[in-house]
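Residue-level listing of the chains:
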Amino acid sequence: IVDDLEDAGLELNAVSLEELQQQQVIFEKISKIRAELATTKIPAMLEFVEQFENNNEPLVVFSAHRAPINALEKREGWAVITGDVSMPNRDRIIREFQEGKYKGIGLTIASGGIGITLTHAAHAFFVDLMWTPALNAQAEDRICRIGQDRGCQIYSAVCKHPVEQRVHPLLQIKKDLIAVAVD
């Protein structure tokens, strides 16, 4: 594989320490922009949440960043799961959500995107996405599981910012590559 890549013109050993450090700085800047963009989406997220509350329809909200989830924590009738929530509390929140005790639940994708069932809701809203398509798909699957007797609808907020406009197409390219590789 290495020989094939080098034959195609990619020199794997050509990246200098300086180039790697520059790439790290660029990645950190993009990450900071993405976190700020997630924060700017909070008012739109809350508007979206209110629509579901007014219709008495439970909603699951995911975000790659904490700020939107922290905003939901202050909302009456809502529970949140982040990396700070202990396992016993996490299990209690999930059980109570499934029993219909909450209007909605907010989760960071990293802490609530795998291994739980949230089929009380048939709707999920993504404030922003992780860089890894598989993690986003796993989060979607929290409501699209055995026991779900309604169709699932997944919503995603996308703002008009160059970084944000680039993330979604890049994620689609990654999904397409994964599909080709698996097939």
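For the structure, check the block above.
The present account deals with the structure reproduced in this document. Given the structure is predicted, the values throughout are model-derived calculations rather than measurements.

**Some points on the pattern of salt bridges**
Opposite charge on two side chains lets them pair, provided their charged atoms get close. Applying the stated rule across the entire model yields eight salt bridges. Note that Glu50 and Arg75 form a salt bridge whose closest N and O atoms lie 3.6 Å from each other. Here Glu50 is found in helix α3 (residues 42-54), whereas its partner Arg75 is found in the loop between α4 (66-73) and β2 (78-81), with 25 residues between them in sequence. On the basis of relative accessibility, which here comes to 38%, the residue Glu50 falls in the partly exposed class. Here Glu57 and Arg150 are joined by a salt bridge, their closest N and O atoms 2.7 Å apart. Placement of Glu57 in the loop between α3 and β1 (59-63) and of Arg150 in the loop between α7 (133-140) and β5 (153-156) is noted, with a sequence separation of 93 residues between them.

**Considering the pairing of β2**
Every second residue of β2 is oriented toward a common face, with Trp78 and Val80 on one face and Ala79 and Ile81 on the other, all of them buried. Two strands pair when backbone bridges link them, and β2 and strand β3 (residues 104-108) are joined in this way by four bridges, in the parallel orientation. Note that in β3 the partner of Trp78 across the bridge is Gly104. Each parallel crossover has a hand, and the one from β2 via helix α5 (residues 87-98) to β3 is right-handed.

**Some thoughts on the side chain of Asp128**
Checked against the element boundaries, Asp128 lands in the loop between β4 (123-126) and α7. No salt bridge is formed by the buried Asp128, whose closest oppositely charged neighbour, Arg34, lies at an N-O distance of 4.7 Å. At 2.5 Å, the side chain of Asp128 and the side chain of Ser63 are in polar contact. Here Ala64 takes part through its backbone nitrogen, which lies 2.9 Å from a polar atom of the side chain of Asp128. For Asp128, the contacting residues outside a window of four places in its chain are Arg34, Ala38, Lys41, Phe62, Ser63, Ala64, His65 and Ile109.

**Brief notes about the nonpolar core**
The biggest cluster of nonpolar side chains holds 24 residues, and the ones touching the most others in it are Val60, Phe62, Phe97, Ile105, Leu107, Leu118 and Phe126. Mapped by element, the contributors of at least two residues to this core are β1, β2, α5, β3, β4 and α8 (162-182). In this structure Phe62 touches Ile69, Leu107, Ile109, Gly112, Gly113, Ala124, Phe125, Phe126, Val127, Asp128, Ala139 and Arg142, once residues within four positions along its chain are discounted. If you look at the next biggest cluster of nonpolar residues, it comprises 14 residues, including Val49, Leu59, Val127 and Ala157.

Rules used in this analysis
- Residues numbered from 1 in each chain as written.
- Predicted model: local features only at pLDDT ≥ 70, side-chain atom pairs only at ≥ 80, totals over all residues.
- Heavy atoms only, no water.
- Salt bridge = Lys/Arg side-chain N within 4 Å of Asp/Glu carboxyl O.
- Helix = DSSP H or I, 4+ residues; strand = E, 2+ residues; numbered from the N terminus.
- Buried < 20%, exposed > 50% of the residue type's maximum accessible area, 1.4 Å probe, protein only.
- Pairing = 2+ DSSP bridges.
- Right-handed = clockwise from strand over helix to strand, strands pointing away.
- Lys, Arg positive; Asp, Glu negative; His and termini not counted.
- Polar contact = N/O pair within 3.5 Å; in protein donor to acceptor, adjacent residues only side chain to side chain.
- Contact = heavy atoms within 4.5 Å.
- Core = buried A, V, L, I, M, F, W, Y, C linked by side-chain atoms within 4.5 Å.

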